[in-house]
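Chains, contacts and geometry: an overview
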Amino acid sequence: DNVIVPLITDSLEWTLSSPPPLHQFDEPPLLVEVEHLDLKPGSEVEDVLEAQGESITDIVGKEAWVDNDPALYDGLVPQNNEWTEFVDEKTGEWVYMDEFGQRIEKPAA
């Protein structure tokens, strides 16, 4: 009855070839066919689920989600899970950003 849908972002897994080479995994990956689904790219998950007759009671973590412009991160390689520390792939210099994608000085430790 209760469905929890995690918020996801593009990650390295999305860049793997399809089907993915099996030697990259400890065990065979789980592949799910989705071509038969009525997908709506760009729609919010809760809107799609409600259109399918599901009721949404709570969305965990959405209040912390910020939809930053991907261009702010061009040429930057993330160095932490929070996506606040990066290395510029052209210069090799460290770059620090806040949660809104704005460059800031190195935070105090």
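Described in the following lines is the structure provided in the data block.

Parameters at a glance
Residues numbered from 1 in each chain as written. Predicted model: local features only at pLDDT ≥ 70, side-chain atom pairs only at ≥ 80, totals over all residues. Heavy atoms only, no water. Helix = DSSP H or I, 4+ residues; strand = E, 2+ residues; numbered from the N terminus. Buried < 20%, exposed > 50% of the residue type's maximum accessible area, 1.4 Å probe, protein only. Contact = heavy atoms within 4.5 Å. Pairing = 2+ DSSP bridges. Phe/Tyr/Trp six-rings, centres within 6.5 Å; stacked < 30°, edge-to-face > 60°.

On to the side chain of Glu46. The residue Glu46 is located in helix H1 (residues 45–51) in this model. Take Glu46: its relative accessible area is 15%, and that puts it in the buried class. With residues near it in sequence (within four places) discarded, Glu46 still touches Ile56, Ile59 and Lys62.

Next up on the list: the sheet that holds strand E2 (residues 85–88). The 4 strands lie next to each other as E1-E2-E3-E4, forming an open sheet whose pairing is antiparallel. The open sheet has two edge strands, strand E1 (76–78) and strand E4 (103–104), and neither has a second partner.

The next point concerns the packing of aromatic side chains. Counted by the stated rule, this structure contains 4 aromatic pairs. Between Tyr73 and Trp83, the ring centres sit 5.8 Å apart and the planes meet at 70°, which makes this aromatic pair edge-to-face. With Tyr73 in the loop between H1 and E1 and Trp83 in the loop between E1 and E2, this pair connects stretches of sequence that are 10 residues apart. Relative accessible area serves as the criterion here: at 14%, Tyr73 is assigned to the buried category. Exposure remark for Trp83: the relative accessible area of 41% places this residue in the partly exposed category. Relative to Phe86, the ring of Tyr73 lies with its centre 5.6 Å away and its plane at 50°, an arrangement referred to as tilted. Of this pair, Tyr73 sits in the loop between H1 and E1 while Phe86 is found in strand E2, placing the two residues 13 residues apart along the sequence. Through a chain of ring-to-ring contacts, the aromatic side chains of Tyr73, Trp83 and Phe86 assemble into a single cluster.

With that out of the way, let us pick up the environment of Val77. Locating Val77 in the fold gives a position in strand E1. Counting along the chain gives 17 residues from Val77 to Trp94, while the straight-line C-alpha distance between them is 9.5 Å. Discounting residues that sit within four places of it in the chain, Val77 has contacts with Glu85, Phe86, Val87 and Glu89.

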